[in-house]
Amino acid sequence: MPRSIRTTGALAACAAVATIGLSGCGGSDTGASQAKEGSGSVKVGLITKTETNPFFVKMKEGAEAAAKAEGAELMTAAGKFDGDNAGQITAIENMVAAGVKGILITPSDSKAIIPAVKKARSAGVMVVALDSPTEPQDATDALFATDNFKAGELIGRYAKAVMAGKPAKIATLDLAPGVAVGRLRHDGFLKGFGIAEGDPSVVCSQDTGGDQAKGQTAMENCLQKAPDVNVVYTINEPAALGAYTALKAKGREKDVLIVSVDGGCAGTKAVQSGQIAATSQQYPLKMAEQGVKAVVTYGKSGTKASGYTDTGVTLITDKSADGVDAKDTAFGLQNCWG
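The paragraphs below set out a description of the structure included in this document. Keep in mind it's a predicted model, so treat the numbers as computed, not measured. (Residues numbered from 1 in each chain as written. Predicted model: local features only at pLDDT ≥ 70, side-chain atom pairs only at ≥ 80, totals over all residues. Heavy atoms only, no water.)

### Focus: the sheet that holds strand E5 (residues 142–145)
Formally: What makes two strands pair is DSSP finding at least two bridges between them. Here a strand is any run of E in DSSP of at least two residues, a helix any run of H or I of at least four, and the numbering for each starts at the N terminus. Here the axes come from fitting lines to C-alpha atoms, over the contacting stretch only for helices, and the angles between their N-to-C directions go from 0 to 180 degrees.
The strand order across the open sheet built from 6 strands is E2-E1-E3-E4-E5-E11, with neighbouring strands paired in parallel fashion. Looking at which strands have only one partner, the edges of the open sheet turn out to be strand E2 (73–78) and strand E11 (307–310). Strand after strand, the sheet turns through a mean of 20° between neighbouring axes, direction not considered. Pairing of strand E1 (residues 43–48) with strand E3 (residues 102–105) involves 4 bridges; the strand directions are parallel. Within the sheet, the bridge partner assigned to Ile47 lies in E3 and is Ile105.

In structure tokens form, the structure reads like this:
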């Protein structure tokens, strides 16, 4: 998910955080062009959860483009895995030492990251959460993100409409404890489906970390526990594709409804092919672009961004359901990422 720029003051920081993926230690053309903006340019930090998820790769691309357009310097870092709070803390500390005016972060642990965020803000650095809010949300100066509860609610409403009164046996393939985005999507799905936590129609719940292989394993476990599963909610499309693989191995891929969140190009194509019935598409480029602009504004004028900015979400499916607004996969592929 991320990358960057290098300045003389950042070289020591790069060495310290090489293990968590801080870019700017290598010489890329993008880095060189940004560095030439001069010592007066605003330094912006971007810290994502990992470097491999296409969502964060696209977020980094959006930040790079915005930094170039704004004449800013960009440093980036990422955890070794989704949930690497320690890696993100190290990245914050090194970026503050390197003199960034603001840090954009997708927190891996929405609560455990708070002390590091407070320390950065007390040093005069504006901190903006992207995609995932901290807990509490106002621990950062601002949040640019999908309404993750709404994203879950959209696919919950869709699944409820498609089931059309048929008794549901639901498996939820979730993210991991302590991650706000996972809880929000899960809770939104339940609300959209019209049920509460603990409802007996949810016959299996497993954490996947948003990983395809773990999604497959989780679905295999659910099928052992509840072979009659007929609805699968997944935290993201990699987990959904893992679930599809497990269902196909059991000959169940055609009679189980899979719904998901993200709207990446691979996931949207999976909707087009029928592997996933519907997904809620979000827009990481917008998050990154708006975040970079907010930091540059702060660096130049001292005016901080504040509050929550909704960067949008759209239900994508080629099989519409009554009462649920959606766009088809042609729209989804025009607006996907990855």
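### Comments concerning the packing of aromatic side chains
Heads up, the condition is: Aromatic contacts are taken between Phe, Tyr and Trp rings whose centres are within 6.5 Å, Trp giving its six-membered ring; a plane angle under 30 degrees counts as stacked, one over 60 as edge-to-face, and the others as tilted. Accessibility here uses a 1.4 Å probe with only protein chains present; expressed as a share of the type maximum, an area under 20% marks a residue as buried, one over 50% as exposed, and anything in between as partly exposed.
Tallied over the full model, the rule gives 4 aromatic pairs. With a centroid separation of 5.2 Å and an interplanar angle of 90°, the aromatic rings of Phe55 and Phe56 are classed as edge-to-face. Residues Phe55 and Phe56 agree in their burial class; the two are buried. Ring geometry for Phe55 and Trp337: centres 5.0 Å apart, planes at 80°, overall edge-to-face. Taken together, the positions of Phe55 in helix H3 (residues 54–70) and Trp337 in the segment after helix H12 (329–334) put the pair 282 residues apart, joining distant regions of the chain. A relative accessible area of 5% places Trp337 in the buried class. One aromatic cluster is present, formed by Phe55, Phe56 and Trp337 through successive ring pairs.

### Focus: the sheet that holds strand E7 (residues 202–207)
Our working rule: Residue contacts are counted whenever heavy atoms from the two residues lie within 4.5 Å of one another.
Pairing is mixed across the open sheet formed by 6 strands, whose spatial order is E7-E6-E8-E9-E10-E12. In this open sheet, the two edge strands, each paired with only one partner strand, are E7 and strand E12 (314–316). Neighbour-to-neighbour, the strand axes of this sheet turn through a mean angle of 15°, independent of strand direction. Where strand E6 (residues 170–174) and E7 come together, 5 bridges link them in parallel fashion. In the sheet register, Thr172 faces E7, and the bridge partner there is Ser205. Strands E6, E7 and strand E8 (231–234) of the sheet are contacted by helix H8 (residues 212–225), whose axis makes an angle of about 150° with E7.

### Quick notes on helix H6 (residues 148–163)
Inclusion rule: Under the convention used throughout, the expected extent of a helix is 1.5 Å for every residue step, that is, one less than its residue count. For this analysis, a polar contact is any N or O atom pair within 3.5 Å, provided that within protein one partner can donate a hydrogen and the other can accept it, and provided that sequence-adjacent residues contribute only side-chain to side-chain pairs.
The first and last C-alpha atoms of H6 sit 23 Å apart over 16 residues, in line with the 22 Å expected at 1.5 Å per residue. Here H6 has its buried residues at Asn148, Ala151, Gly152, Leu154, Ile155, Gly156, Tyr158, Ala159 and Met163. The elements touched by buried residues of H6 are helix H7 (180–193), E8, strand E9 (257–262), strand E10 (278–281) and E12. The backbone nitrogen of Phe149 has a side-chain oxygen 3.3 Å away, supplied by the residue at the start of H6, namely Asp147. Phi turns positive, to about 50°, at Ala164, one or two residues after H6.

### Thoughts on unusual backbone geometry
Of note, the amide linkage connecting Glu135 to Pro136 takes the cis form, showing an omega dihedral of 5°. Here Pro136 is to be found in the loop between strand E4 (126–130) and E5. For Ala164, which is not glycine, the phi dihedral falls at a positive 50°. Looking at where Ala164 falls in the secondary structure, it is placed in the loop between H6 and E6. Its identity as a non-glycine residue notwithstanding, Asp262 has a phi of 150°, on the positive side.

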